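Observations on the three-dimensional arrangement
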Amino acid sequence: MDKEITYDAAHEADVIEGEVREAAPIGDGMGCHAGAAEMEKAARMAGKSDILNQYAKDYPQGPHDKPQSMCPAFGSMRVGLRMRRVATVLSGSACCVYGLTFVSHFYGARRSVGYVPFSSETLVTGKLFEDIREAVHDLADPDRYDAIVVTNLCVPTASGVPLRLLPDEINGVRIVGIDVPGFGIPTHAEAKDVLAGAMLNYARQEVEAGPVQAPEGGRADRPTVAMLGEMFPADPMVIGQMLEPMGLAAGPVIPAREWRELYAALDSGTVAAIHPFYTAAMREFEAAGRPIVGSAPVGADGVAHWLAGIGDAFGIAADKVAAAQNAFVGATKGALSAMPIKGTVTLSGYEGSELLVARLLIESGADVPYVGTACPKTAQSEWDREWLEAHGAKVVYRASLEDDLAAMEAVKPDLAVGTTPVVQKAKELGLPALYFTNLISARPLMGPAGAGSLAEVINAAIANKGRMDRMRDFFEGAGVGDTAGVWEGDPNLRPDFRAQHEKKLEKQARARKAAEMI
């Protein structure tokens, strides 16, 4: 008998039994245009219940469906594309892949993104998985890559494409498969955690199996603190300076820039959850026996609280902790007083650092009555929430666009800091506004160096109120109502048509009301 030829052990994996599904009529709306509920139902029927249940536990959505954010897969793509010697491969609808690669290159990816296309036939017959496996085998060159990340977007996830059946490694190149569906991950910030957690899980298993590659600069001569969350490049160095009086050093930042940093992070004595939503990553650190310290050394109060928490985690003598606090709390207060902020600011965003930025604004002298974040409430952000509420701020987790707009319109602040649609609405109202992601979160925040980093841009924006008033007056009435759209001349108004249509609508409303009374 002819022997079957195989090139990995996928055929030996346990098969997850999905649920029997009824035949759907052609054109039932399934696919990338189906609703989130339908796609989640399809994914569960295809055997993806375990991963979706884990996502629901790690990233609870809160009282409403989900916040309005960009496609979550951008977050995990960003993590992979910023790592050296790591290839990124997407499996999803072509329109989604186009949008994700466009945004990634817009943010400076400078690297090719692999794409495994599919058709209805390859999706239904399972050929898509075979195509993915073939692509990964072709790509696995140890001279070029340490790892290949394969990501299922919405449709392959809903169809149950089993990335877990891919080999763990090919020719020494690690294979990491993740599902990042828009109907399972609420925000792109949390999708960063999906990949970071998957990589840490892989690295932790490698560490448990035997010796691993040392950090490029060798192991630190002092106990280190690993840091969770993307930060301004100067922030880890500032944190290292604050740790030095306690005999500690700054460890790697997760998401990492290369694979060996994962080992060094797992080797750290403590993990600082600078961004508090990295649930999967924290689970891996806890499995490795590493304690987690929440919040961040932002603002004078934050520096004092965070250094005390780090000292407790390492069991450092109180006099050493006090020495670090005395040196850096005073310096932070001095920097804050030198660059004060005067004005009322509403703040919202989806990066995960919103509470930290709000604390810094308040310690700088600003009045911040509202803080909205698209990320969930976690134990690691609890101190930040309590501090903010004690200083008069209302903190809304899983804030929707409607929450952010309602707060801005009610408060009418001197400055609105938020997402693109919040900034757009603020400018329509004649309010100065700044985009959180590009203009606020991309600045140093930690310790004395971060204390005055926001004042210049915030004060300059608040000072633009007069210019915003002139712009609003100049453009008043343009682009709204009868002037919406593009016109070569004056709009062709037909009040008779409008009156006739309004009568038709009123008649339909009366008919509906009469039907309800029957």
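Everything in this summary refers to the structure shown in the same document. (Residues numbered from 1 in each chain as written. Predicted model: local features only at pLDDT ≥ 70, side-chain atom pairs only at ≥ 80, totals over all residues. Heavy atoms only, no water.)

**Details of the packing of aromatic side chains**
Enumeration over the complete set of coordinates arrives at three aromatic pairs. Ring geometry for Y202 versus W259: centroids 5.6 Å apart, planes at 90°, classification edge-to-face. With Y202 in helix α8 (residues 188-209) and W259 in the loop between β7 (249-254) and α10 (260-266), the pair connects residues that are 57 residues apart, well separated along the chain. The interplanar angle of 25° and the centroid separation of 4.8 Å between the aromatic rings of F277 and Y278 together place this pair among those described as stacked. Summarising the burial analysis for this pair, F277 and Y278 share the class buried. (Phe/Tyr/Trp six-rings, centres within 6.5 Å; stacked < 30°, edge-to-face > 60°. Helix = DSSP H or I, 4+ residues; strand = E, 2+ residues; numbered from the N terminus. Buried < 20%, exposed > 50% of the residue type's maximum accessible area, 1.4 Å probe, protein only.)

**Considering unusual backbone geometry**
Looking along the chain, the bond that leaves I254 and enters P255 is cis, with omega of 10°. Within the secondary structure layout, P255 lies in the loop between β7 and α10. We note that R398 has phi near 50°; this positive angle belongs to a residue other than glycine. Judged by relative accessible area, R398 falls into the buried class, the value being 3%. Of note, the phi angle at K412 is positive, near 50°, even though the residue is not glycine.

**Thoughts on the nonpolar core**
The biggest cluster of nonpolar side chains holds 74 residues, and the ones touching the most others in it are I132, I148, I254 and W259. Ranked by the residues each element gives to this core, the list is headed by α8, at nine residues. Residues I239, L243, L307 and I310 belong to the second largest nonpolar core, which totals 59 residues. (Core = buried A, V, L, I, M, F, W, Y, C linked by side-chain atoms within 4.5 Å.)

**Comments concerning the environment of P255**
Given a relative accessible area of 10%, P255 falls into the buried group. Separated by 159 residues in sequence, P255 and C96 place their C-alpha atoms 24 Å apart. Those residues within four positions of P255 in sequence are excluded, and the remaining contacts are V79, G229, E230 and Y278. (Contact = heavy atoms within 4.5 Å.)

**Notes on the pattern of salt bridges**
Under the definition given, this model contains 21 salt bridges. Salt-bridge contacts for E206 lead to R174; the nearest nitrogen and oxygen are separated by 2.8 Å. Of this pair, E206 sits in helix α8 while R174 sits in strand β5 (residues 173-179), and the two are 32 residues apart along the sequence. Residue R174 is classed as buried on the basis of its relative accessible area of 13%. (Salt bridge = Lys/Arg side-chain N within 4 Å of Asp/Glu carboxyl O.)

**Thoughts on the packing of helix α16 (residues 401-411) against helix α17 (residues 420-428)**
Interaxial distance between α16 and α17 falls to 10 Å at its minimum, and their mutual angle equals 30°. The angle between the axes of α16 and α17 places the two elements in the roughly parallel class. The two elements α16 and α17 meet at a crossing, and its hand is right-handed. Contacts between α16 and α17 involve L401, D404, L405, M408 and E409 from the former and P421, V422, K425 and A426 from the latter. Of the residues in the contact of α16 with α17, the class split is six nonpolar, no polar and three charged. (Axes fitted to C-alpha atoms, helices over the stretch in contact; angles between N-to-C directions. Parallel < 35°, antiparallel > 145°, perpendicular 65-115°, else oblique. Left-handed = near helix turned anticlockwise from the far one by under 90°. Nonpolar A, V, L, I, M, F, W, Y, C, P; charged D, E, K, R; others polar.)

**So, the side chain of T88**
Mapping T88 onto the fold places it in strand β1 (residues 86-91). Look at T88 and you get buried, because its relative accessible area is 6%.

**Remarks on the packing of helix α1 (residues 36-45) against helix α2 (residues 49-58)**
Two numbers describe how α1 lies on α2: the axes approach to 8 Å, and their chain directions differ by 130°. Taken together, the axis directions place α1 and α2 in an arrangement best described as oblique. Here E40, A43 and R44 of α1 lie close against α2, whose contacting residues are S49, L52 and N53. Residues that form the contact of α1 with α2 fall into these classes: two nonpolar, two polar and two charged.

**Let's talk about the side chain of R260**
With respect to the secondary-structure elements, R260 resides in helix α10. If near-sequence neighbours (up to four positions away) are discounted, R260 is found in contact with Q213, A214, P215 and E216.

**Overview of a nonpolar patch on the surface**
There is a patch of nonpolar side chains on the surface, built from Y98, F102, F106 and Y107 and spanning about 510 Å² of accessible area. Of note, F106 is situated in helix α4 (residues 94-106). (Patch = residues over 30% accessible without salt bridge, like charges linked within 9 Å, V, L, I, M, F, W, Y side chains within 5 Å. Areas by Shrake-Rupley, 256 points an atom, 1.4 Å probe, with all protein chains shown as cover.)

**Thoughts on the environment of D469**
Along the chain, D469 falls in helix α21 (residues 465-475). Given a relative accessible area of 23%, D469 falls into the partly exposed group. For the pair D469 and E428, spaced 41 residues apart in sequence, the C-alpha separation works out to 9.9 Å.

**Concerning the layout of surface pockets**
Roughly 750 Å³ of volume is contained in the second largest pocket. Taken together, 33 residues form the lining of the second largest pocket, with R78, R82, E230, M231 and F232 sitting closest to its centre. Per-element accounting of the lining of the second largest pocket gives the leading share, three residues, to helix α3 (residues 73-81). Tallied by class, the residues present in the lining of the second largest pocket amount to 17 nonpolar, seven polar and nine charged. (1 Å grid on protein atoms, 1.4 Å probe; cavity = no way out; pocket = protein on both sides within 12 Å on 5 of 7 lines; lining within 4 Å. Points joined across faces, edges and corners; volume = space filled by probe spheres on them.)

**Considering the sheet that holds strand β4 (residues 169-170)**
Hydrogen bonding along the main chain pairs the strands of a sheet, whether they run parallel or antiparallel. Spatial strand order, β2-β1-β3-β5-β4: five strands in an open sheet with mixed pairing. The open sheet terminates on both sides in strands that have one partner only, identified here as β2 (114-115) and β4. Relative to β5, strand β3 (residues 147-152) runs parallel, the two sharing six bridges. Residue pairing in the sheet places V150 in a bridge with G177 of β5. (Pairing = 2+ DSSP bridges.)

In short, the description is geometric, and any link to function would need to be established separately.
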